[in-house]
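# Architecture at a glance
Chain by chain, the residues run as shown.
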Amino acid sequence: MSTVRTIPNKTGIAMLSAVLLIPLLTPLSHATHLGDKAPACTPTDMEPGWLKRENALPGDKTWRTNLRKGFNGDGRYIRINVDKVFEERSQVVQGWFDRESVSCGESVGLHLSGNGRNVVVDLYRLGYYKGTGARKILSKEIPNVAPQKNVVSGSDGLVKTEWPISTMIDISPNFPPGQYEARLNDGGKTTFVPLTVRNDVSPDAAILVTSNLTWQAYNHFGGYSLYRGPSQGISDRAKIVSFDRPYDGNGGGQTLIHEYGLIRTIEKAGIDLAYTTDVDLDANPLQLTKHKVVLLGGHSEYWTRSMRYGLLTARNLGVNLINFGADTGNWKTVLRNNRREMVVYRDESDPFKDDPALVTNRWRDPPYAFPESEILGASYAGLGVKDDYVVMKGSAWPFAGMKLDTGFSIKGVVGKEIDTTDLDPHPALQEFLSTVVKVRGEFRRVGMTYYTHNSSAGVINVSTDGWVCGITNSCNWTKVPTQSSKLLAAITLNLVKEATKGPLGKMYPVEPTVAPTDGTKSEIGRAHV
């Protein structure tokens, strides 16, 4: 069991001590589970094949009707809520849930700010549903939702709201596990509020970890994110951000860009899938060990130490890991105040810069230097890339049934952000897809990589954040050809299907094409040893 260390200082941070985590990164017994207590209730259908039956139900193609444009963190679209105070002139109903996830028998509060009109809250579960994309699970109308002005600004750019609860939503057995969006409609533009419904005793072979921490890092509601302040520059950016505020843009976080394509593909195929969030993984790092494969979406940039411990432990116990993105596990973060605030200083202003258990810099940097490549096979290289992937071996197992020739190009799927095998230590790798791009003035190798751990777990990293959004052609930086979208979905399905059978290393030994390395000089000139 991990130990919680409370730091008695002005930030009031309570977190897992890195000193105590290090010896726990060795394989554990499968009997060592957290969070397996009996739930208050169970979903109506938990039998094998439940997801196929769920997606056979009628969907609702109007779930995105009249949705406000823009998405969380997207600077190319109209800027929304860039002022330090809440923009009353926006005339759009907005809200947030006071929990990132819930399970059967639990309740969650929805906090709203409106325009004095009635607000219809439609709660949709995302999936395939015969191509409609979502099913309405609940609808309720809340009368006379008033505008809220009490946006509170704190030190280090912290912005949160103190809006009252407008309604409570009780999660009954009729709420299947999954990723949900609450659509808020008062007659004007609609907005979303994301929510995950878990089944903590799920026997499903695959589990998806949504990247709520990364969504919040880019959330600019109230004028502050971890990237920008009111000046729209980094000089006055926030160092602490709160979940007690709406997401900017359409309100849905980065769900539709970096999660939905993966969800839609898996649910269309009827592969039973469990859901959790990275916030829940921080609280319960051993929950992954009862599954056969862990899936990460297109943008899981921020990891707590407890998260990384959970992912490493799962891998060390033979659980496969597939990362369908890039810029993954790049930054350390610390959660506080019941995990409703995340702290990321990432500069010399960090009051814990010399504390390996609390510093919030890159994972590859001292004083607690463990590059993300040591678990993923590659590390973040940069952004501003737009390129194609080339098939390295058409007969390789991820391409089964696709009749792809060696050398075939999958157009437009590499970028905007990419990982590389050139910077940091990694094990021997097999590249299924590969290219060379110029980023930050240097030529870097980028590839969909595969390695196996001595537990026989397989780890796959697609090394581009254009993968999941490319499936649905919803990337905010490019348009992906239809053929490429279909190929990405087919490869994704092959990877997930095989990974749900058990440790990939027992079925598909690595055929190394990239030698293991202890690392060369990193982006900041530090030699890895």
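Because the structure is a prediction, the values reported are computed rather than measured.

### Structural notes on the packing of aromatic side chains
- All told, the structure shown has 11 aromatic pairs when counted by the stated rule.
- For the ring pair Trp215 and Tyr247, a centre distance of 6.2 Å and an interplane angle of 70 degrees mean the geometry is edge-to-face. In this pair, Trp215 is assigned in helix 3 (residues 212-218) and Tyr247 in the loop between strand 14 (240-242) and helix 4 (255-258), connecting sequence segments 32 residues apart. For the pair Trp215 and Tyr247, one class covers both residues: buried.
- Each member of the aromatic cluster is reached from another via a ring pair, and the members are Trp397, Phe399, Phe432, Tyr450 and Tyr508.
- Sitting above the plane of the Tyr227 ring, Arg346 keeps its charged end 4.5 Å from the centroid.
- Looking at Arg346, its charged tip hangs above the ring of Trp331, at a distance of 4.9 Å from the centre.

### Here's the deal with the state of the cysteines
- Counted according to the given criterion, the structure contains 2 disulfides.
- Between the sulfur of Cys41 and that of Cys104 lies a disulfide, 1.9 Å long from S to S. On the sign convention where negative means left-handed, the S-S torsion of about -110 degrees between Cys41 and Cys104 marks this disulfide as left-handed. With Cys41 in the loop between helix 1 (18-21) and helix 2 (50-55) and Cys104 in the loop between strand 4 (101-103) and strand 5 (107-113), this residue pair connects regions lying 63 residues apart in the sequence. As far as burial versus exposure is concerned, Cys41 and Cys104 are alike and both buried.
- One disulfide bridge connects Cys469 with Cys475, the sulfur atoms lying 2.0 Å from each other. Here the S-S torsion is close to 85 degrees, and the disulfide linking Cys469 with Cys475 is therefore right-handed. Of the two residues, Cys469 and Cys475, neither departs from the other in class, the shared state being buried.
- Here the disulfide map of the protein reads 1-2, 3-4, the bonded cysteines being numbered as they appear in the sequence.

### What about the packing of helix 5 (residues 260-269) against helix 10 (residues 482-499)?
- For the pair helix 5 and helix 10, interaxial distance at closest approach is 10 Å and the crossing angle is 65 degrees. Crossing angle aside, the handedness with which helix 5 passes helix 10 is right-handed. For the pair formed by helix 5 and helix 10, the contact residues are Leu262, Thr265, Ile266 and Ala269 on the first element and Ala489, Thr492, Leu493 and Val496 on the second.
- For the contact of helix 5 with helix 10, the class distribution of residues is 6 nonpolar, 2 polar and no charged.

### Description of the pairing of strand 25 (residues 442-452)
- Strand direction decides the pairing type here: strand 24 (residues 430-439) and strand 25, joined by 9 bridges, are antiparallel. In the strand pairing of strand 25, Leu433 is matched with Met448.
- Connecting strand 24 to the next strand, strand 25, in antiparallel fashion are 2 residues, including Arg440 with a positive phi near 50 degrees.
- The pairing of strand 25 with strand 26 (residues 458-461) spans 4 bridges and is classified as antiparallel. Counted as the bridge partner of Thr452 is Gly458 from strand 26.
- Here strand 25 hands over to strand 26 after 5 residues, with Ser456 in that stretch at a positive phi of 80 degrees.

### What about the pattern of salt bridges?
- Within this structure, the stated rule accounts for 24 salt bridges.
- Put simply, Asp122 and Arg183 hold a salt bridge, and the shortest N to O gap is 3.1 Å. Of this pair, Asp122 sits in strand 6 (residues 117-126) while Arg183 sits in strand 11 (residues 178-185); the two residues are 61 residues apart in sequence, bridging distant segments of the chain.
- The class of Asp122 is buried, set by a relative accessible area of 3%.
- Taking the shortest distance from any N to any O, the salt bridge between Arg364 and Glu372 comes out at 2.9 Å. Taken as a pair, Arg364 and Glu372 share a single burial class, namely buried.

Cut-offs and rules
Residues numbered from 1 in each chain as written. Predicted model: local features only at pLDDT ≥ 70, side-chain atom pairs only at ≥ 80, totals over all residues. Heavy atoms only, no water. Phe/Tyr/Trp six-rings, centres within 6.5 Å; stacked < 30°, edge-to-face > 60°. Helix = DSSP H or I, 4+ residues; strand = E, 2+ residues; numbered from the N terminus. Buried < 20%, exposed > 50% of the residue type's maximum accessible area, 1.4 Å probe, protein only. Lys NZ or Arg CZ within 6 Å of the ring centre and 35° of its normal. Disulfide = S-S within 2.5 Å. Axes fitted to C-alpha atoms, helices over the stretch in contact; angles between N-to-C directions. Left-handed = near helix turned anticlockwise from the far one by under 90°. Contact = heavy atoms within 4.5 Å. Nonpolar A, V, L, I, M, F, W, Y, C, P; charged D, E, K, R; others polar. Pairing = 2+ DSSP bridges. Salt bridge = Lys/Arg side-chain N within 4 Å of Asp/Glu carboxyl O.

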